[in-house]
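A look at the structure
For reference, the chains in residue letters:
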Number of protein chains: 4
Amino acid sequence: MKQTVNIAVIGAGRIGRLHAEHLAHRIPGVRLSAIADVNKQAAVECAAAIGVPKALKEHRGILEDPEVQAVVICSSTDTHASLIAEAAAAGKHIFCEKPIALDLKQIDDALAAASSAGVKLQVGFNRRFDANFSRMRELVREGAIGEPHLLRIASRDPAPPPIEYVRVSGGIFLDMMIHDFDMARYLVDDEVAELYAVGGVRIDPQIGKAGDIDTAVVTLKFVGGCFATIDNSRRAVYGYDQRAEVFGAKGMVTTENNTPNRIRLSTGQTVREDLPQYFFMERYTESYLKEMNAFIECIREDKPPPVTGLDGKVPVVMGKAARLSYEQNRPVALSEIS
Amino acid sequence: MKQTVNIAVIGAGRIGRLHAEHLAHRIPGVRLSAIADVNKQAAVECAAAIGVPKALKEHRGILEDPEVQAVVICSSTDTHASLIAEAAAAGKHIFCEKPIALDLKQIDDALAAASSAGVKLQVGFNRRFDANFSRMRELVREGAIGEPHLLRIASRDPAPPPIEYVRVSGGIFLDMMIHDFDMARYLVDDEVAELYAVGGVRIDPQIGKAGDIDTAVVTLKFVGGCFATIDNSRRAVYGYDQRAEVFGAKGMVTTENNTPNRIRLSTGQTVREDLPQYFFMERYTESYLKEMNAFIECIREDKPPPVTGLDGKVPVVMGKAARLSYEQNRPVALSEIS
Amino acid sequence: MKQTVNIAVIGAGRIGRLHAEHLAHRIPGVRLSAIADVNKQAAVECAAAIGVPKALKEHRGILEDPEVQAVVICSSTDTHASLIAEAAAAGKHIFCEKPIALDLKQIDDALAAASSAGVKLQVGFNRRFDANFSRMRELVREGAIGEPHLLRIASRDPAPPPIEYVRVSGGIFLDMMIHDFDMARYLVDDEVAELYAVGGVRIDPQIGKAGDIDTAVVTLKFVGGCFATIDNSRRAVYGYDQRAEVFGAKGMVTTENNTPNRIRLSTGQTVREDLPQYFFMERYTESYLKEMNAFIECIREDKPPPVTGLDGKVPVVMGKAARLSYEQNRPVALSEIS
Amino acid sequence: MKQTVNIAVIGAGRIGRLHAEHLAHRIPGVRLSAIADVNKQAAVECAAAIGVPKALKEHRGILEDPEVQAVVICSSTDTHASLIAEAAAAGKHIFCEKPIALDLKQIDDALAAASSAGVKLQVGFNRRFDANFSRMRELVREGAIGEPHLLRIASRDPAPPPIEYVRVSGGIFLDMMIHDFDMARYLVDDEVAELYAVGGVRIDPQIGKAGDIDTAVVTLKFVGGCFATIDNSRRAVYGYDQRAEVFGAKGMVTTENNTPNRIRLSTGQTVREDLPQYFFMERYTESYLKEMNAFIECIREDKPPPVTGLDGKVPVVMGKAARLSYEQNRPVALSEIS
């Protein structure tokens, strides 16, 4: 019989509630014992809706509870690094939403804290658990396409976020392409040596006024010789566009967008299909469930987490390199960033 | 605020547990208060696993509970009709797994009981809630393809059931094609006047010795003039095959099988995709959830159920007509069956 | 070096001109020496346009020419059988457009004439040479899907022919479904024992007044146990629809319609593709060229023709059986037709 | 009645014979009067096989013939520029295979010669006439996707050319990606301002020893703000890979590779399709015919050619810029090249 894992969630926003629901009802062998939010009311409502025994304002109540074995950090980004340090000090295993921080020193400190405490730290790059991308990775690792030579990622949102969000987001490379940097490392299974970024404001001049761009293309050179291109747009009118292709010495693997159905309508004018799933909550529903299952499993079976602290750090380095490359219009080596 | 619906499940087998899990955790505004099974141990284990307050051997404990508003009947087929009558007499709304019965008199009695008691009766033709087929129906009803002229259904299982099951199944037309008869009526939105069935034993001679066939094709004539063909096979080696196509005066709508991912692998030999989802538990996962949501909604909002008692009866009539047609090798009018 | 085949075409209508162009310019090792048409002017114009040395009113001028080794019969259907007999008597190899005749006695006589003269006779079922259907047949024969259990053919024209044509066409089963009867035999590689036909007038009441139907579905039972369904419609608004699917013990092979391009347009509303190729001249362009190449090759290498006289006869028998089945609403064995 | 265009072909190699066959038999209203090749025997054999009246060793015999209105230059690349100048001086319209030259001064001189002589000059970028790419361009120009923001081109050969060819090819950017540079300009309908190239030797070390690379990725910045990526590989084991995608403010248009058929085979292991068409002679068959038709039409109707001399020059500039960018690992403005 499997050991029950006692776990608590910190942060009762959208993603916190999502994880809480999964932990409460859809992951066997777990006891979700508490949820905390600086907005106490949010914690109380979430606990009531899902059926969590305890709702707290203070995360310390969780960290001091000796029954709690692990925490899921879903609070605002600026609190992630310090919460990791506190949780590690309290001996709790940690699942932390991305990004750990936008400051590399803070990231390093958080990683060191988790490491010296000997607790597990998994970072929430959920797309790795998507059925398309995990199958793609599996095929690449099995050698189905041989040595990878080229990777292409198209990653486009259905609509830009509110301009207030854009202002504090850290910019397209750290807010949006960060996921694709992780995906590139995951699919090619290698580290990036250098990158080159171009981009501009094509969708909304307000984004430009906020100091950001809304359209970007980055070229990556991997250490092992693979080249990759990633493109981002803040607005794909046909919906969330999340595709990748790896080309190698022995073949190619591609993936298409998921669609809500497999219907084709043929009329006197065209053959039509319905649009892809609209945004990340639809597209990545299952991947959120799978990443949490994987976290619970790594605790229970004492295995290394499938997305490590380093996996949380490197995409931030790449985002900073991409911004620098874009600003100076030149290739930037990752080693320049520290 | 929505009224909470108090509901209980009768039958703790595979499909009973599935509905119980959905009612317990994934359908808001529901209280799953009890589960009963003639095998008391099964009820107890299911209740413990899912967190249902009460586990019973006797369904009467449920029907006598004035708090319970509705029951979900998932017991063995031979008990469906009498349970409907009892539940109706107790004033409970009823969701009943298909088929209601294989005897038309029993079906008529059950329908009459529900009707005279004024309770809602929904039959578990879950495929109507599949994203592909419900979208197809919607397009047909919107007039996207004009008046339907032709319908084609391919419905093939990945592997035959155990031979012991085949013996008591009622035969391929009542056990397997019954779903497709319902689907045909649902997609074309009309009644069938006459049908013609052919079939044989192509997969396993044991199925023939058990008095059944494993491969069958039925042609339907709808009252309104549409023609349909349905084919069934007990073994599609590539997995569960569930496709339909409606062709009409203004166009055509088709649907492909769902696949676990949208990966394509190109090698020096071929372009490959992964096989379709294996069987009904994978393919129709979401449709089970949606049908139960629809049942709860029809109780809460006092609407007619989306799959009625008559919808439960007609496919049985069609199954009997198909068997007769196959045995006598001639077209059979549905009016011949009573 | 390959021997040059001296050939002549009888009939300068659309299909005659098509074959003449192929023979003149696109098939190596052939000398197209003459073209004849009862409308002398048509023959003259065709000869001038394509560059054929001789244009005749009388086909006898061709048959009496000792240089001519083979004839391509593209005149009106009622002349086919007697032209085959004459050409056979003259010792010419024969390519004859379908159908040989609608009268079985005439067909038998024509076949006997070719057989006793020892000349090759190929019938123009060009769809067998389509890249999709020939690949499908190849896969079936290779055993890629094991023993065939089920075949489905959808065969739908983009628009009905003129009503004058309908009146003399022989009816949908002999005019249109005859191609699909041939395709069914070709794909399953077996003979049909019995069939059952349903149909009606759904598109144009004028077709009904002309004594024909415009929508039909036929179920076939093959001798070896395979079942097939064929559906025909005289009007698919989205264009020519020519698809087949063979399902067997070890798998399934399907084919989609050809399209003029592989474009997909994603907008805020839908994902769209262009319609399939419009009609047979677009869809089967290459197959006309390939069938004639095959005819030349069977002459040059003294091989049996890939579509025999018997292949020309059986679909006519099936068409007659289908008409009888439709009229009497009962299954009809092919052995009933003679 | 259309005027007959008298035309001659210079160069009887593979591409010369292809154009000659099209002009002789498949393009109406054309008289192919002569073919010349420095290898007289090649010219004679080609003329005999296709039925061209005159075969010459010297192209001057063609240029001096007052009946000849136009020439098709298919000789070796190093002769293109001077042949254009000679043909222009003789008042002949000119179709010239790409590239015009690898030296920009030679290109400019050739363009000036054609311009001052007032003759039409069309360059053989045949891919513009491919059904996929011409439809894509049409949709972009119609505004179906709004203003273009992103373009992605994958262009990969099935196998590298012989190493002897690689040595004299001018390198991957001028020999292979030159077609994609043209395609990028054609699809986006704008000029490129700057580009950045990366690449390496991943397939065959011999290619590296010959001073070239076999894998390359280039990022383009268009004047109007669109970004593009092009990737090239000398070996895609699954066959010729020629795909593009344009993403814009109002949608996206993509194209898939052409395949020899539309077959799908489902077995117990996978769903399989046949590989894409193998190489350019299969994939671009129709486009060669269409480009020549377009050339004849521009002569006959006195219209500007669809691929101009400038269209022949700019991709050479881009190829040189890409090589420089690759060598210096920095973005290069096209204005740097002259």
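Residues numbered from 1 in each chain as written. Chains lettered and ligands numbered in written order. Predicted model: local features only at pLDDT ≥ 70, side-chain atom pairs only at ≥ 80, totals over all residues. Heavy atoms only, no water.

**What about the pairing of strand S8 (residues 192-200) of chain A?**
Residues and elements named next belong to chain A. Operational definition: Only protein chains enter the accessibility calculation, which uses a 1.4 Å probe. A residue is then buried if its area is under 20% of the maximum for its type, exposed if over 50%, and partly exposed in between. A helix here means a DSSP run of H or I that spans at least four residues, while a strand means a run of E at least two residues long, and both kinds are numbered starting from the N terminus. The criterion for strand pairing is that DSSP finds at least two bridges linking the strands in question.
In terms of burial, S8 is largely enclosed, as eight of its nine residues are buried. Relative to strand S9 (residues 215-222), S8 runs antiparallel, the two being bridged by eight bridges. Bridged to valine 192 within S9 is phenylalanine 222. Both S8 and strand S15 (residues 332-333) contribute to a ladder of two bridges, which runs antiparallel. Across the sheet, the residue bridging to glutamate 194 is alanine 333, located in S15.

**Side note on the sheet that holds strand S2 (residues 30-36) of chain A**
Residues and elements named next belong to chain A. We count it as follows: For every element, the axis is a line fit to its C-alpha atoms; helices are fit only across the contacting stretch, and the angle between N-to-C directions ranges from 0 to 180 degrees.
If you trace the six strands from one edge of the open sheet to the other, you get S3-S2-S1-S4-S5-S6, paired in parallel fashion. In this open sheet, the two strands that pair with only one neighbour each are strand S3 (54-56) and strand S6 (121-123). Adjacent strand axes in the sheet meet at a mean angle of 20° when their direction is disregarded. Judged from the three bridges that link them, strand S5 (residues 93-96) and S6 form a sheet pairing that is parallel. Paired with isoleucine 94 across the strands is leucine 121, a residue of S6.

**Some thoughts on the relation of the copies chain A and chain D**
Filter applied, for reference: Superposition of the copies used a least-squares fit over C-alpha atoms from residues whose pLDDT is at least 70 in both. Note on contacts: a residue pair qualifies if any of its non-hydrogen atoms lie within 4.5 Å across the two residues.
When chain A is fitted to chain D, the best match, at an RMSD of 0.0 Å, comes from turning it 180° and sliding it 0.0 Å along the axis. What the rotation and shift describe, once combined, is the action of a two-fold rotation axis. Within chain A, the C-alpha atom positioned nearest to the axis of rotation is that of A:Arg330, 3.0 Å from it. Both copies share a contact surface, since 100% of the interface residues of chain A are interface residues in chain D too.

**Regarding the interface of chain D and chain B**
Operational definition: Summed over both partners, the accessible area (1.4 Å probe) lost when two parts come together is defined as the buried area. Salt-bridge detection follows one rule: a side-chain nitrogen of Lys or Arg within 4 Å of a carboxyl oxygen of Asp or Glu. Here a polar contact means two N or O atoms within 3.5 Å. Within protein one must be a hydrogen donor candidate and the other an acceptor candidate, and residues neighboring in sequence count only if both atoms are side-chain atoms. Gly is put with the polar residues, along with every residue not named as nonpolar or charged; the nonpolar set is Ala, Val, Leu, Ile, Met, Phe, Trp, Tyr, Cys and Pro, and the charged set is Asp, Glu, Lys and Arg.
The interface is formed by 14 residues belonging to chain D together with 14 residues belonging to chain B. Counting the surface lost from both chain D and chain B, the interface buries some 1,200 Å², and carbon and sulfur atoms represent 55% of this. On the chain D side of the interface with chain B, the three residues burying the most area are D:Val271, D:Glu273 and D:Leu275, jointly 36% of the side's total. Between the two partners, chain D and chain B, sit two salt bridges. Run the count over chain D and chain B and you get four residue pairs in polar contact (both at pLDDT 80 or more). Among the secondary structure elements, those contributing two or more residues to the side of chain D that touches chain B are strand S13 (263-267) and strand S14 (271-273) of chain D. When grouped by side-chain class, the residues that make up the side of chain D that touches chain B number five nonpolar, five polar and four charged.

**A short note on the relation of the copies chain D and chain B**
Mapping one chain copy onto the other needs a rotation about an axis and a shift along that axis. When chain D is fitted onto chain B, the two copies agree to an RMSD of 0.0 Å after a turn of 180° and an axial shift of 0.0 Å. Of the interface residues in chain D, 100% have counterparts in chain B that sit at the interface too, so the contact is made through matching surfaces.

**A closer look at the interface of chain A and chain D**
Across the boundary between the two partners, chain A contributes 42 residues, which contact 42 residues of chain D. Summed over both partners, the interface of chain A with chain D comes to about 3,300 Å²; 61% of that surface belongs to carbon and sulfur atoms. Counting across the chain A and chain D interface gives four salt bridges. Of the charged contacts, one joins D:Glu245 and A:Arg243 as a salt bridge, the two residues approaching to 2.8 Å between their closest N and O atoms.

**Observations regarding the pairing of strand S9 (residues 215-222) of chain D**
Residue and element names in this part refer to chain D. Across the eight residues of S9, seven count as buried, placing the element largely inside the fold. One ladder, built from seven bridges, connects S9 with strand S10 (residues 227-233); its direction is antiparallel. Bridge pairing in S10 links threonine 215 to serine 233. Linking S9 back to S10 in an antiparallel pair, the connection comprises four residues, with glycine 225 at a positive phi of about 105°.

**Focus: the side chain of D:Asp231**
Tracing the backbone shows D:Asp231 in strand S10. Those residues within four positions of D:Asp231 in sequence are excluded, and the remaining contacts are A:Leu150, A:Arg152, D:Ile153, D:Ala154, D:Ser155, D:Arg156, D:Ala216 and D:Val217.

**Comments concerning unusual backbone geometry**
Trans peptide bonds make up most of the peptide bonds, and negative phi angles are found at most residues other than glycine. Looking along the chain, the bond that leaves B:Lys98 and enters B:Pro99 is cis, with omega of -10°. With respect to the element layout, B:Pro99 can be found in the loop between strand S5 (93-96) and helix H5 (104-117). In the Ramachandran plot, C:Asn329 falls in the positive-phi region, its phi being about 45° despite a non-glycine side chain. Positive phi, close to 50°, is recorded for D:Asp302, a residue that is not glycine. Mapped onto the elements of the fold, D:Asp302 is located in the loop between helix H12 (285-300) and helix H13 (309-328).

**Considerations on the pattern of salt bridges**
All names here are of chain B. Summed over all chains, the structure comprises 124 salt bridges over all chains. A salt bridge links arginine 135 to glutamate 138, with the nearest nitrogen and oxygen atoms 2.6 Å apart. Residue arginine 135 and its partner glutamate 138 are located together in helix H6 (residues 131-142), separated by three residues, close to a single helical turn. The exposure class assigned to glutamate 138 is partly exposed, which follows from its relative accessible area of 40%.

**A few points about the environment of C:Phe279**
Residue and element names in this part refer to chain C. Mapped onto the fold, phenylalanine 279 is located in the loop between strand S14 (271-273) and helix H11 (280-283). A sequence separation of 52 residues divides phenylalanine 279 from phenylalanine 227, and the C-alpha atoms of the two residues are 28 Å apart. Setting aside residues no more than four positions away along its own chain, phenylalanine 279 makes contact with Asp157, Pro158 and Tyr240.

**Section: helix H12 (residues 285-300) of chain A**
Using the following cut-off: For a helix, the expected span equals 1.5 Å multiplied by the number of residues minus one.
Under the 1.5 Å per step criterion, the end-to-end length of H12(A) is 23 Å for 16 residues, consistent within 8% with the ideal 22 Å. With its phi angle positive at about 50°, A:Asp302 sits one or two positions after the end of H12(A).

**Focus: the domain arrangement of chain A**
Residues and elements named next belong to chain A. Heads up, the rule is: What marks off one domain from the next here is an automatic or database domain assignment.
In terms of domain boundaries, chain A breaks down into domain 1 (5-119) and domain 2 (128-283 + 315-336). Its C-alpha centre places domain 1 at a distance of 29 Å from the equivalent point of domain 2. Between domain 1 and domain 2, the buried area comes to about 680 Å², and carbon and sulfur atoms account for 81% of it. The tally of links from domain 1 across to domain 2 stands at zero salt bridges. For the pair domain 1 and domain 2, the interface holds one residue pair in polar contact (both at pLDDT 80 or more). Going through the elements one at a time, helix H1 (14-26) and helix H5 (104-117) are the ones with two or more residues in the side of domain 1 that touches domain 2. Considering only residue class, the side of domain 1 that touches domain 2 consists of six nonpolar, no polar and two charged.

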